[in-house]
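Read off the chains here:
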Amino acid sequence: FESWLLTSDPHPSSCQSLAGLKMFTELEELVVDNNQLGNDLQLPRLPNLHTLTLNKNQISFETRALLEHLADVTPSLQYLSLLGNEACPNQLVNPDKDEDDYQRYRYFVLYKLPNLKFLDSRKVTKNEVIEAGARGAFMKVVKPKSEAVSQLPYTPLPRGSRDAKNHKGVFAKCRYIYYGKHSEGNRFIRNDQL
C-alpha cells in the first residue's frame, strides 16, 4: 500500500511539480490539495491509483480534457474530490451556484469517470450512474466569454434587414378572416365583465 501526500507553501511561487510520480507505479492514494494545479495537470500512468483528491486547486470549467486524461491514466480510480475548485459548483464558494448546478457537474464527471464510487463529499448512487450514462454528455455548462458577447450585439432580425437604408419587406394578403369566436383570450371573460 502506497500513499503520497503533496503539500505546498501558501505562496504562489512555490507550486509543486508532479513529475516525480512516474517512479511510484504502485501508488494507490494521492492527495494534492492546495497546490495551484490547473486543467493542464498531467499524471503518469498509475494503474493502482484508487483515491485522488485535488481540492482547492485551480481547476476550471474546462474539465473535459482533464477528466479524459484521468480516465486514461488512472483506470482504477474510485474516489475523486475536486472541492474548492471553480469546476465544482458550490454555494459556499460561489453564491450564484445552487444544488442543480452541482448535480449537473456530478452527472458530467460520472459520465467521464463511470467507475467512481465516491465524488467530492458524497457517495455515488446507482441512479446517478444511470442518469449520467443517459444525460451526462449534455450536462457540461458552457458560458460565453464576456468580451464575445459585448462585441456582437444581439438582434433577432436577419442580416439583410438590419440596415435601415437597405430594408426589404414583404407584403401579402391573408386568406384567414378572424371573427373572434374561437379566441383563447375570450374563453376566460364572462359576459358581466364586458
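Right above here is the structure, for reference.
The following refers to the structure shown. (Residues numbered from 1 in each chain as written. Predicted model: local features only at pLDDT ≥ 70, side-chain atom pairs only at ≥ 80, totals over all residues. Heavy atoms only, no water.)

Section: the packing of helix α1 (residues 64-73) against helix α2 (residues 99-112)
Next up, step 1: Viewed as axis vectors pointing N to C, α1 and α2 meet at an angle of 40 degrees, and their least axial separation amounts to 9 Å. Comparing their axes, α2 and α1 come out oblique. Every pair of crossing elements has a handedness; the one defined by α1 and α2 is right-handed. Here Arg64, Leu67, Glu68 and Ala71 of α1 come into contact with α2, specifically with Phe108, Val109 and Lys112.
Next up, step 2: Residue composition of the contact of α1 with α2, by class: four nonpolar, no polar and three charged. (Axes fitted to C-alpha atoms, helices over the stretch in contact; angles between N-to-C directions. Helix = DSSP H or I, 4+ residues; strand = E, 2+ residues; numbered from the N terminus. Parallel < 35°, antiparallel > 145°, perpendicular 65-115°, else oblique. Left-handed = near helix turned anticlockwise from the far one by under 90°. Contact = heavy atoms within 4.5 Å. Nonpolar A, V, L, I, M, F, W, Y, C, P; charged D, E, K, R; others polar.)

Let's talk about the side chain of arginine 106
Next up, step 1: Checked against the element boundaries, arginine 106 lands in helix α2.
Next up, step 2: Its relative accessible area of 0% is what places arginine 106 among the buried residues.
Next up, step 3: A polar contact is formed between the side chain of arginine 106 and the backbone oxygen of leucine 119, at a distance of 2.9 Å.
Next up, step 4: Residues within four places of arginine 106 in sequence aside, it is in contact with Leu119, Arg122, Lys123, Val124 and Glu128. (Buried < 20%, exposed > 50% of the residue type's maximum accessible area, 1.4 Å probe, protein only. Polar contact = N/O pair within 3.5 Å; in protein donor to acceptor, adjacent residues only side chain to side chain.)

Quick notes on unusual backbone geometry
Next up, step 1: Notably, glutamine 36 is not glycine yet its phi reads approximately 55 degrees, a positive angle.
Next up, step 2: Tracing the backbone shows glutamine 36 in the loop between β2 (27-31) and β3 (51-53).
Next up, step 3: By relative accessible area, glutamine 36 is classed as partly exposed at 28%.
Next up, step 4: Its identity as a non-glycine residue notwithstanding, aspartate 120 has a phi of 60 degrees, on the positive side.
Next up, step 5: Structurally, aspartate 120 can be placed in the loop between β5 (118-119) and β6 (122-123).

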